[in-house]
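Reading the structure
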Amino acid sequence: MPTKEKVLAFANKVSKKKPGAKDALTANDPEYKILEPIVTDEMAEAALCLEMRKPRSAAEVAALCGKSVEKAAELLMELADAGVCFVNKIDGVDKFWYEIWVPGIMEMVVNNKKNVAKYPQLSVAFDAYGKKLSPKSAGLFPVGIGLMRVIPIEKAIEGETRRASYEEVSKYLNDNTIFTVSDCACRTVRESMGEGCGHLKEDMCIQMGHAAEYYIRTGRGRQITREEAFEILKRAEENGLMHQIPNLDGSGKTHAICNCCGCSCLSLRSAEMYLNADMVRSNYISKVDKDKCVACGECVRYCPVNALRLGQKICSKTPVVESLTLIDTPRDTEWGPANWNPEYRTTRKNVVDTGTSPCKTACPAHIAVQGYIKLASQGKYTEALELIKTENPFPAVCGRICPRGCESECTRGDIDAPIAIDEIKKYIAEQDLNQARRYVPRIRHEYGKKIAVIGAGPSGLSCAFYLAIDGYKVTVFEKQESLGGMLAFGIPAFRLEKNVINAEIDILREMGVEFKTGVEVGKDVSLADLRAKGYVAFYLAVGAQAGRKLGIEGETADGVFTGVDFLRDINLGKSVALSGKVVVIGGGNVAIDVARSAVRVGAAATSMYCLESREEMPALDEEIEEAEAEEIAINNSWGPKRILVKNGKVCGVEFKRCVSVFDENKKFSPVYDENQTITVDADYVLISVGQAIEWGGILAGSKVELNPNKTVKADFFTLQTAEPDVFAGGDAFTGPKFAIDAIALGKEAAISIHRFVQPGQSLVIGRDRREYRALDKQNAVIEGFDNTPRQNAVPETAVGKKSFKDERGTFTEEQLKKETERCLGCGATVTDEFLCVGCGQCTTKCKFDAISLVRKYDGEGVSYEKLKPIVIKQIVKRKGKIAVKKFTRKFSGKKSSAEIISI
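To keep things clear, this report deals only with the structure shown in the data block. (Residues numbered from 1 in each chain as written. Predicted model: local features only at pLDDT ≥ 70, side-chain atom pairs only at ≥ 80, totals over all residues. Heavy atoms only, no water.)

On to the pattern of salt bridges. Should their charged atoms come close, side chains of opposite charge can pair. With the rule as written, the count across this model stands at 75 salt bridges. Close ionic contact of Glu510 with Arg438 constitutes a salt bridge, the shortest N to O distance being 2.6 Å. Separated by 72 residues along the polypeptide, Glu510 in helix α23 (residues 498–510) and Arg438 in the loop between α20 (421–429) and β12 (450–454) bring together distant segments of the chain. According to the relative accessible area criterion, Arg438 is buried, its value standing at 15%. Residues participating in the shared-partner salt-bridge network are Lys6, Glu42, Glu45, Lys67, Lys71 and Glu74. (Salt bridge = Lys/Arg side-chain N within 4 Å of Asp/Glu carboxyl O. Helix = DSSP H or I, 4+ residues; strand = E, 2+ residues; numbered from the N terminus. Buried < 20%, exposed > 50% of the residue type's maximum accessible area, 1.4 Å probe, protein only.)

Take a look at the structure:
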């Protein structure tokens, strides 16, 4: 396509370059490419008669370009509609002028929804312009003088006595009388390029004054009141966004407020990709009070530029990371690709290299254990519940059945006994069982699209919970007549009573989740049927709901059942009665539940046989002890050889000695001594050696693939299957695991589904990769801590081993307080003071008053017309600093950041 020469000439004029000069723009530059599809040469003729920030009427332009006033006015309005120039009515006459490229023309161009949809080139050009200019600007702008500027969340600086009015976002709203709200230009670009981060573009950016008038005239935004503008800012802050303003209107002046995220904002890319935070920062930096910090991680999660990470607070015998600040910065170092972080949107880190709290790391959902323990110690139980539910919607359930990986890794366990984390959580979660006190999350958005969750177990319910928070219309399909999946059907009531499950499911109902029970997807309705009814995405969370067989002789005899079927029948209220001698085959937690349930339905004598030694048994020690307390005999290192049958009914089991269970690579590979066998009499045999997945007809006609073990094939990060609108998680994806594992995947599925159903969103960009690392407990200094004993909940009045009632007690409040005091507080947040842009988002998310904004700089914005001499002065100063640093480093032998990273 031939170059539009007049369009190119206008691009050079905006860039203050002479056509034909060595540095002049060409048709390959993004400044030309963003104009080429939407500006004709005739429109460019009129544009060439405009000036930057100097309003001209159509009559003035007509005189300059030799056109009629009517034609000039037509062309100028076409330019304004395209986004190339502003139009405002000044003294009753339409006046036109153009702005710089960014912030200015490029945002206005991509805010023309029709054009950006028609010409993807516009978005690519905007993105390319930032990548072209940002590297050149590193270190050249003093703090406060950049093209865009972060404005702190106002309540984050309320206590700062030195704050200036231009640092208060309310000032800009109070100084203006006309307002509009529009789509975010940066998110529009990212969406158009398929690189959205899940933060959506709609109703994000506020225009004021002349910009608002222009946005109304050209249909780019809708007019709002000042009160609505304040509400938009508040909602943005609540949803983890920060504020920026165009910074070239002069001190204390701007025409727009942007609500930004670090994963899509093209301005913040200067700080994140090019590590040039001075280009956008406010005058503030975050400071962490380690004594108050509990490493909950909320500040880390919401920091837009990854300037915060979880680290260690407990003392260490060896050095740990206590600061993230770079040795080299653009202020005094020649800056190039070796210093950049080009993959910043997929390489965010949660934890410093030397690790953080073992409890948060060990939890599959990475719940803020240290955080909710501190809140509980302060009596802030609702806030503690809120913090838990950011990662786990079912704390009351998990407080009763969790395997407590957090306790296994608790540093306190190296002194005496781990913190009773689950008991603390159980006490906090008692609120969820009381309708008057339970915590129901606020619905953040109203996205409204229909999502189908198949399976009402822990993973499906978790996914539904987090999708409901975003305002999706979620329907959960469950083939059984009641909800809960294996929580309800696979766990006996003496461990998890049904009123606990139902209380937490009721919260989902209150959040708008719809449940359809007795509906088997694949039989009563197909995925195709649901698509036809408007469902736009699916989460397969059918669980591992069937029992596995052994594949040995006699397995089909009367009196032989799988443990899963046995527990399901009991939980469904069917008449289940055993008698005589019962043999349970298996050594896991489910096998323990089966054996203890057998005792309660009439077994005269119950014994367990498993391949593993006592030390290798997968069941928790606590559950093994509970089984033995009920006179259940546990026989280790025996594997079933065959089931003995008489007249069609089981009469015994022959076992063979298991010499070893795992090979040298820790892979399950049992070895038997066939010469050592025993025969055990049995009236009933309950097989509990794992669970299987039954898909029925769910996958009929779909592209979804299964592994040989019948788990579904899906991406390990996004959980997306070969069928793009189908996601899978929980036991159906991982194989049988714990409820907390399934719950964690349910949240990840909700994140993926949200991104999938919204146009242009990537499933991976800007996403928390949930990578945690525990501190080195061997180097932790734990001497000198007290030896306060671990608290134990007092069991309720015992009603005997024949009851299915959960007899385990709950802490008293006094016990709770004593137990929370035992926490060592291992972790704390670590800050990168250079990378921090001072937005204040971290301070609003901290429940512990542990992080604050401190004014470090005194930069004040200037108008574009006054910018050049300030930048020139900065360039001269920077060259001097670079020279001094090179000389000093040459004789000191110190290495640069880039050299250290390469090592």
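This part takes up the sheet that holds strand β1 (residues 56–57). Pairing within the open sheet is antiparallel, and its three strands lie in the order β1-β3-β2. Two strands close off the open sheet at either side, each with one partner strand: β1 and β2 (86–90). Helix-sheet contacts for helix α11 (residues 209–217) involve β2 and β3 (93–97), and the interaxial angle to β2 is about 105°. (Pairing = 2+ DSSP bridges. Contact = heavy atoms within 4.5 Å. Axes fitted to C-alpha atoms, helices over the stretch in contact; angles between N-to-C directions.)

Right, let's get into helix α10 (residues 185–192). Of all eight residues making up α10, seven are buried, and the element is well covered by its neighbours. Along α10, the residues that are buried comprise Ala185, Cys186, Arg187, Thr188, Val189, Arg190 and Glu191. Within two residues after α10, Gly194 carries a phi angle of roughly 70°, on the positive side.

Here helix α16 (residues 369–377) crosses α20 at 55°, and the two axes come no closer than 10 Å. In terms of orientation, α16 and α20 fall into the oblique class. Considering the relative orientation of α16 and α20, their crossing is left-handed. On α20, the residues touching Val369, Tyr372, Ile373 and Ala376 of α16 are Ile421, Ile424, Lys425 and Ile428. (Parallel < 35°, antiparallel > 145°, perpendicular 65-115°, else oblique. Left-handed = near helix turned anticlockwise from the far one by under 90°.)

As a further point, take the environment of Asp278. Tracing the sequence through the fold places Asp278 in the loop between α13 (269–272) and β10 (284–288). Separated by 134 residues in sequence, Asp278 and Gly144 place their C-alpha atoms 7.4 Å apart. Here Asp278 is in contact with Phe141, Pro142, Val143, Gly144, Arg331 and Phe834, once residues within four sequence places are set aside.

Glancing now at the sheet that holds strand β19 (residues 605–610). Pairing is parallel in the open sheet, where five strands are placed in the order β17-β24-β18-β19-β20. This sheet does not close on itself; its edge strands, each paired only once, are β17 (560–562) and β20 (633–636). Neighbour-to-neighbour, the strand axes of this sheet turn through a mean angle of 20°, independent of strand direction. Pairing of β19 with β20 involves four bridges; the strand directions are parallel. Residue pairing across strands places Cys610 opposite Asn636, the latter belonging to β20. With respect to the sheet, helix α25 (residues 563–571) is in contact with β17 and β24 (684–687), its orientation differing from that of β17 by roughly 80°.

Next up on the list: the environment of Ala537. Relative to the helices and strands, Ala537 resides in strand β15 (residues 535–540). Take Ala537: its relative accessible area is 0%, and that puts it in the buried class. Considered as a pair, Ala537 and Val726 are 189 residues apart in the sequence and their alpha carbons are 6.0 Å apart. Apart from the residues within four sequence positions on either side, Ala537 is in contact with Lys450, Ile451, Ala452, Asp725, Ile753, Phe756 and Val757.

It is worth spelling out the packing of aromatic side chains at this point. The full count for this structure, using the stated rule, is 15 aromatic pairs. A ring pair is formed by Phe465 and Tyr466, whose centres lie 4.9 Å apart and whose planes are at 85°; its orientation type is edge-to-face. Tyr466 carries the same exposure label as Phe465, and that label is buried. Judged by centre distance (5.7 Å) and plane angle (70°), the ring pair of Phe727 and Phe756 falls under edge-to-face. Here the residue Phe727 occupies a position in strand β26 (residues 726–728), and Phe756 occupies one in helix α29 (residues 739–757), the gap between them amounting to 29 residues. By relative accessible area, which is 0% here, Phe727 ends up buried. (Phe/Tyr/Trp six-rings, centres within 6.5 Å; stacked < 30°, edge-to-face > 60°.)

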